[in-house]
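Descriptive analysis of the structure
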Amino acid sequence: VQLQASGGGLVRAGGSLRLSCAASGSIFSTNYMAWYRQAPGKQRELVASLNGAYGTDYADPVKGRFTISRDNAKNTVYLQMNSLKPEDTAVYYCAARNYYRVVTSWGQGTLVTVSS
(Lines give C-alpha, C1' and ligand atoms only; values in the text may rest on other atoms or scores of the structure.)
Protein backbone atom coordinates (compact mmCIF):
# COMPACT_ATOMS: atom_id res chain seq x y z
CA VAL A 1 0.00 0.00 0.00
CA GLN A 2 1.19 3.48 -0.83
CA LEU A 3 0.50 6.30 1.59
CA GLN A 4 0.42 10.01 0.85
CA ALA A 5 0.32 12.38 3.80
CA SER A 6 -0.65 16.02 3.58
CA GLY A 7 -1.97 18.90 5.64
CA GLY A 8 1.06 20.04 7.57
CA GLY A 9 2.00 23.68 7.93
CA LEU A 10 2.74 26.53 10.26
CA VAL A 11 0.22 27.35 12.96
CA ARG A 12 0.23 29.39 16.14
CA ALA A 13 -0.05 27.78 19.54
CA GLY A 14 -3.67 27.03 20.31
CA GLY A 15 -4.54 26.56 16.67
CA SER A 16 -5.67 23.50 14.75
CA LEU A 17 -4.58 21.44 11.77
CA ARG A 18 -5.96 18.36 10.10
CA LEU A 19 -3.57 15.90 8.53
CA SER A 20 -4.71 13.51 5.84
CA CYS A 21 -3.25 10.22 4.71
CA ALA A 22 -4.55 8.85 1.42
CA ALA A 23 -3.89 5.20 0.67
CA SER A 24 -3.67 3.49 -2.68
CA GLY A 25 -2.32 0.29 -4.12
CA SER A 26 -2.89 -3.18 -2.67
CA ILE A 27 -5.74 -4.10 -0.38
CA PHE A 28 -6.07 -1.32 2.12
CA SER A 29 -7.31 -1.89 5.60
CA THR A 30 -7.96 1.25 7.50
CA ASN A 31 -8.33 -0.75 10.63
CA TYR A 32 -4.67 -0.70 11.51
CA MET A 33 -3.50 2.77 10.61
CA ALA A 34 -1.44 5.07 12.74
CA TRP A 35 0.23 8.45 12.93
CA TYR A 36 3.77 8.89 14.23
CA ARG A 37 5.88 11.99 14.65
CA GLN A 38 9.55 12.80 14.90
CA ALA A 39 10.76 16.03 16.42
CA PRO A 40 14.28 17.34 15.72
CA GLY A 41 16.84 15.34 17.65
CA LYS A 42 14.27 12.88 18.96
CA GLN A 43 13.16 9.40 18.10
CA ARG A 44 10.02 8.74 16.11
CA GLU A 45 7.07 8.19 18.42
CA LEU A 46 3.56 6.84 18.05
CA VAL A 47 0.93 9.56 18.30
CA ALA A 48 -2.37 7.86 17.54
CA SER A 49 -3.58 4.58 16.12
CA LEU A 50 -6.64 2.79 14.82
CA ASN A 51 -6.62 -0.79 16.10
CA GLY A 52 -9.63 -2.46 14.61
CA ALA A 53 -11.96 -3.90 17.22
CA TYR A 54 -9.65 -2.61 19.94
CA GLY A 55 -10.50 0.96 19.04
CA THR A 56 -8.10 3.88 19.15
CA ASP A 57 -5.02 4.70 21.20
CA TYR A 58 -3.35 8.01 21.84
CA ALA A 59 -0.03 9.00 23.29
CA ASP A 60 -0.45 10.73 26.64
CA PRO A 61 0.80 14.15 25.43
CA VAL A 62 -1.95 14.37 22.80
CA LYS A 63 -4.90 12.81 24.60
CA GLY A 64 -7.91 15.08 24.53
CA ARG A 65 -6.40 17.24 21.78
CA PHE A 66 -5.86 14.93 18.81
CA THR A 67 -8.39 12.66 17.10
CA ILE A 68 -7.65 9.93 14.58
CA SER A 69 -10.42 8.94 12.21
CA ARG A 70 -10.99 7.29 8.85
CA ASP A 71 -13.11 7.60 5.77
CA ASN A 72 -13.34 4.14 4.24
CA ALA A 73 -14.94 5.40 1.05
CA LYS A 74 -11.95 7.63 0.42
CA ASN A 75 -9.30 5.24 1.79
CA THR A 76 -8.12 8.11 3.91
CA VAL A 77 -7.10 8.45 7.52
CA TYR A 78 -7.11 11.80 9.30
CA LEU A 79 -5.47 13.30 12.33
CA GLN A 80 -7.34 16.27 13.71
CA MET A 81 -5.02 18.27 15.93
CA ASN A 82 -6.48 20.91 18.22
CA SER A 83 -4.99 23.14 20.90
CA LEU A 84 -1.60 22.74 19.31
CA LYS A 85 1.49 23.42 21.38
CA PRO A 86 5.04 24.29 20.32
CA GLU A 87 6.12 20.85 21.55
CA ASP A 88 3.88 19.30 18.88
CA THR A 89 6.30 20.60 16.26
CA ALA A 90 7.54 17.60 14.31
CA VAL A 91 7.42 15.75 11.04
CA TYR A 92 4.27 13.63 11.10
CA TYR A 93 4.16 10.27 9.34
CA CYS A 94 1.21 8.04 8.61
CA ALA A 95 1.76 4.32 8.69
CA ALA A 96 -0.08 1.14 7.86
CA ARG A 97 0.28 -1.54 10.52
CA ASN A 98 -0.68 -5.21 10.66
CA TYR A 99 -2.67 -7.01 13.32
CA TYR A 100 0.44 -7.22 15.50
CA ARG A 101 0.85 -3.44 15.24
CA VAL A 102 4.02 -3.75 13.22
CA VAL A 103 4.44 -1.05 10.59
CA THR A 104 4.22 -2.43 7.07
CA SER A 105 4.27 0.83 5.10
CA TRP A 106 5.28 4.43 5.78
CA GLY A 107 4.00 7.53 4.15
CA GLN A 108 6.26 10.47 3.49
CA GLY A 109 6.31 12.95 6.33
CA THR A 110 4.47 16.21 6.56
CA LEU A 111 5.94 19.00 8.66
CA VAL A 112 3.91 20.61 11.41
CA THR A 113 5.38 23.73 13.00
CA VAL A 114 3.69 25.34 15.98
CA SER A 115 4.88 28.80 16.91
CA SER A 116 4.58 30.23 20.40
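Procedures and definitions
Each chain carries its own residue numbering, running from 1 in the direction its sequence is written. Reporting in this predicted model follows two pLDDT cut-offs: at least 70 for local features of residues, and 80 or more for side-chain atom pairs to be given and counted; totals over whole chains, interfaces and linings ignore these cut-offs and use all residues. In computing side-chain properties, one takes all heavy atoms of the structure into account and sets aside hydrogens as well as water. The way it works is a 1 Å grid over only the protein atoms, where trapped points that fit a 1.4 Å probe form a cavity and open points with protein on both sides within 12 Å along at least five of seven lines form a pocket, and then any residue with an atom within 4 Å of a point lines it. Grid points are joined across faces, edges and corners, and a volume is the space filled by probe spheres set on the points. In this classification, Asp, Glu, Lys and Arg are treated as charged, Ala, Val, Leu, Ile, Met, Phe, Trp, Tyr, Cys and Pro as nonpolar, and every other residue, Gly included, as polar. Only residues whose relative accessible area exceeds 30% and that form no salt bridge are eligible for patches; like-charged ones are grouped when within 9 Å, while nonpolar side chains (Val, Leu, Ile, Met, Phe, Trp, Tyr) are grouped when within 5 Å. Areas reported here follow the Shrake-Rupley algorithm with a probe of radius 1.4 Å; residue values treat only the protein chains shown as occluding. Salt bridge criterion: a side-chain nitrogen from Lys or Arg within 4 Å of a carboxyl oxygen from Asp or Glu. Runs of E in the DSSP output that reach at least two residues are strands. Runs of H or I that reach at least four are helices, and both are numbered from the N terminus. Cysteine sulfur pairs qualify as disulfides if the two atoms are within 2.5 Å. Using a 1.4 Å probe on the protein chains alone, a residue whose accessible area is under 20% of its type maximum counts as buried, one over 50% counts as exposed, and one in between counts as partly exposed.

1. Here we look at the layout of surface pockets
- By volume, the largest pocket is sized at about 160 Å³.
- Along the walls of the largest pocket sit 13 residues, with Arg-37, Ala-39, Lys-42, Glu-45 and Glu-87 positioned nearest its centre.
- Residues belonging to the lining of the largest pocket are distributed by class as follows: three nonpolar, three polar and seven charged.

2. With respect to a nonpolar patch on the surface
- A cluster of nonpolar side chains, Tyr-54, Tyr-99, Tyr-100 and Val-102, forms an exposed patch at the surface whose accessible area comes to about 530 Å².
- Note on placement: Tyr-100 falls in the loop between strand E9 (90-97) and strand E10 (103-106).

3. Comments concerning the state of the cysteines
- By the definition in use, this model includes one disulfide.
- Two residues, Cys-21 and Cys-94, share a disulfide whose sulfurs are 2.2 Å apart. Sign of the S-S torsion, about 60° for the bond between Cys-21 and Cys-94, identifies this disulfide as right-handed. You can see Cys-21 sitting in strand E3 (residues 17-24) and its partner Cys-94 sitting in strand E9, a full 73 residues away along the chain.
- Cys-21 sits in the buried class, given a relative accessible area of 1%.
- Overall, the relative accessible area of 1% leaves Cys-94 in the buried class.

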